[in-house]
Amino acid sequence: MENVTVLDHPLIQHKLTIIRDKNTGTKSFREVVDEIARLMAYEITRDMPLEDVEVETPVAKAMMKQISGKKVALIPILRAGLGMVDGMLDLIPAAKVGHVGLYRDPETLEAVEYFVKLPSDISERQLLVLDPMLATGASAIAAIDALKKRGADSLKFVCLVAAPEGVEALRKAHPDVDIYLAALDEKLDESAYIVPGLGDAGDRLFGTL
Ligand code: URA
């Protein structure tokens, strides 16, 4: 599927199996989400542009490579996206972090922004929007709407587990956004949980079950 990349490295698949297990407790869940985010950061940054730079080694001067191009900002969607931030920062330590909080209005069922705090230069940054679960796509779409409204134009969406319904909805709403996932699951159930999924990612990360 165009603009959708499944990061199915064996280490990612193995760790995903651990967090899918309902017997995995909060401490392990949090640690393993962190590890997966780190591995995903490694894969997602593969296409970062490089530029030539002269370096003087103890032996000779030589032209070598360094990362160039846009700086990165991580944008976790509250609250579950927070679980992916530290792992990503391990590999992209200079990234800035913005936050987007949304809730669903019980009457209109529309996503409503309740908290948006972003770096001032988001229009110049490569934004990695983080949410472990892409279920219906409603919050991803609303978060990206909120970011674009404020000037963002270079976005990637990163999640652990996606439902086909969510991927389709996000691709339709924001065809310019590359989507990275660790697994594409079967479907949504009648309560909009991903099947087989891993349950409520926020509750499992923060122990609010
Ligand atoms: N959000 C979750 O945390 N889990 C799902 O399965 C769907 C949405």
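Residues numbered from 1 in each chain as written. Predicted model: local features only at pLDDT ≥ 70, side-chain atom pairs only at ≥ 80, totals over all residues. Heavy atoms only, no water.

(A) Broad picture of the nonpolar core. The biggest cluster of nonpolar side chains holds 36 residues, and the ones touching the most others in it are Ile19, Met40, Met88, Leu128, Val158 and Leu160. For this core, the secondary structure elements donating two or more residues are α1 (10-20), α2 (26-44), β4 (71-78), α3 (85-91), β8 (125-130), β10 (155-162), β11 (178-184) and α6 (201-206). Examining the composition of this core, we find that eight residues originate from one element, α2, more than from any other. Membership of the second largest hydrophobic core comes to 26 residues, among which are Ile77, Leu134, Ala140 and Val177. (Core = buried A, V, L, I, M, F, W, Y, C linked by side-chain atoms within 4.5 Å. Buried < 20%, exposed > 50% of the residue type's maximum accessible area, 1.4 Å probe, protein only. Helix = DSSP H or I, 4+ residues; strand = E, 2+ residues; numbered from the N terminus.)

(B) Representation of the UniProt feature "binding site: 5-phospho-alpha-D-ribose 1-diphosphate" (unreviewed entry) in the protein in the model. According to UniProt, the "binding site: 5-phospho-alpha-D-ribose 1-diphosphate" (unreviewed entry) feature falls on Arg79, Arg104, Asp131, Pro132, Met133, Leu134, Ala135, Thr136, Gly137, Ala138, Ser139 and Asp200. With respect to the element layout, Arg79 can be found in the loop between β4 and α3. By relative accessible area, which is 34% here, Arg79 ends up partly exposed. The residues contacting Arg79, other than those within four sequence positions of it, are Asp200, Gly202, Asp203, Phe206 and Thr208. One can find Ala138 in helix α4 (residues 138-149). Given a relative accessible area of 33%, Ala138 falls into the partly exposed group. (UniProt positions renumbered as here; feature names shortened; annotations may be inferred. Contact = heavy atoms within 4.5 Å.)

(C) Main features of the site of the ligand. Lining the immediate surroundings of the ligand are Met133, Ala135, Ala192, Tyr193, Ile194, Gly199, Asp200 and Ala201. Separating an oxygen atom of the ligand from a backbone N or O atom of Ile194 is a distance of 2.8 Å. At a separation of 2.7 Å, a nitrogen atom of the ligand approaches a polar backbone atom of Gly199. Protein contact buries 82% of the 240 Å² of open area that the ligand shows by itself. Its residues placed into classes, the shell around the ligand shows six nonpolar, one polar and one charged. (Near = heavy atom within 4 Å. Polar contact = N/O pair within 3.5 Å; in protein donor to acceptor, adjacent residues only side chain to side chain. Areas by Shrake-Rupley, 256 points an atom, 1.4 Å probe, with all protein chains shown as cover. Nonpolar A, V, L, I, M, F, W, Y, C, P; charged D, E, K, R; others polar.)

(D) Local environment of the packing of α1 against α2. With their axes 9 Å apart at the nearest point, α1 and α2 run at an angle of 160 degrees to one another. Between α1 and α2, the interaxial angle falls into the category roughly antiparallel. The crossing of α1 and α2 is left-handed. Here Leu11, Ile12, Lys15, Leu16, Ile18 and Ile19 of α1 come into contact with α2, specifically with Phe29, Val32, Val33, Glu35, Ile36, Leu39 and Met40. The class makeup of the residues in the contact of α1 with α2 is 11 nonpolar, no polar and two charged. (Axes fitted to C-alpha atoms, helices over the stretch in contact; angles between N-to-C directions. Parallel < 35°, antiparallel > 145°, perpendicular 65-115°, else oblique. Left-handed = near helix turned anticlockwise from the far one by under 90°.)

(E) Region of interest: the confidence of the model for the protein. For the protein, the average pLDDT comes to 96, and 100% of its residues sit at 70 or higher. Here the predicted complex scores 0.96 on pTM and 0.96 on ipTM. (pLDDT = per-residue confidence, 0-100.)

(F) Region of the structure containing the environment of Ala162. Among the structural elements, Ala162 can be located in strand β10. The exposure class of Ala162 is buried, given its relative accessible area of 0%. Taking the C-alpha atoms as reference points, Ala162 and Met133, separated by 29 residues in sequence, lie 5.8 Å from one another. Excluding residues that lie within four positions of it along the chain, Ala162 makes contacts with Leu134, Val167, Leu181, Ala183, Leu184, Asp185 and Ile194.

(G) Quick peek at the pattern of salt bridges. Considering all chains together, one arrives at 15 salt bridges under this definition. Among the salt bridges present, the one from Asp121 reaches Arg125, with a minimum N-O distance of 3.0 Å. For the pair Asp121 and Arg125, a shared accessibility class is recorded, and that class is buried. Between Glu168 and Arg171 there is a salt bridge whose closest N-O contact spans 3.3 Å. Of the two residues, Glu168 and Arg171 both sit in helix α5 (residues 164-173), three residues apart, roughly one turn of that helix. (Salt bridge = Lys/Arg side-chain N within 4 Å of Asp/Glu carboxyl O.)

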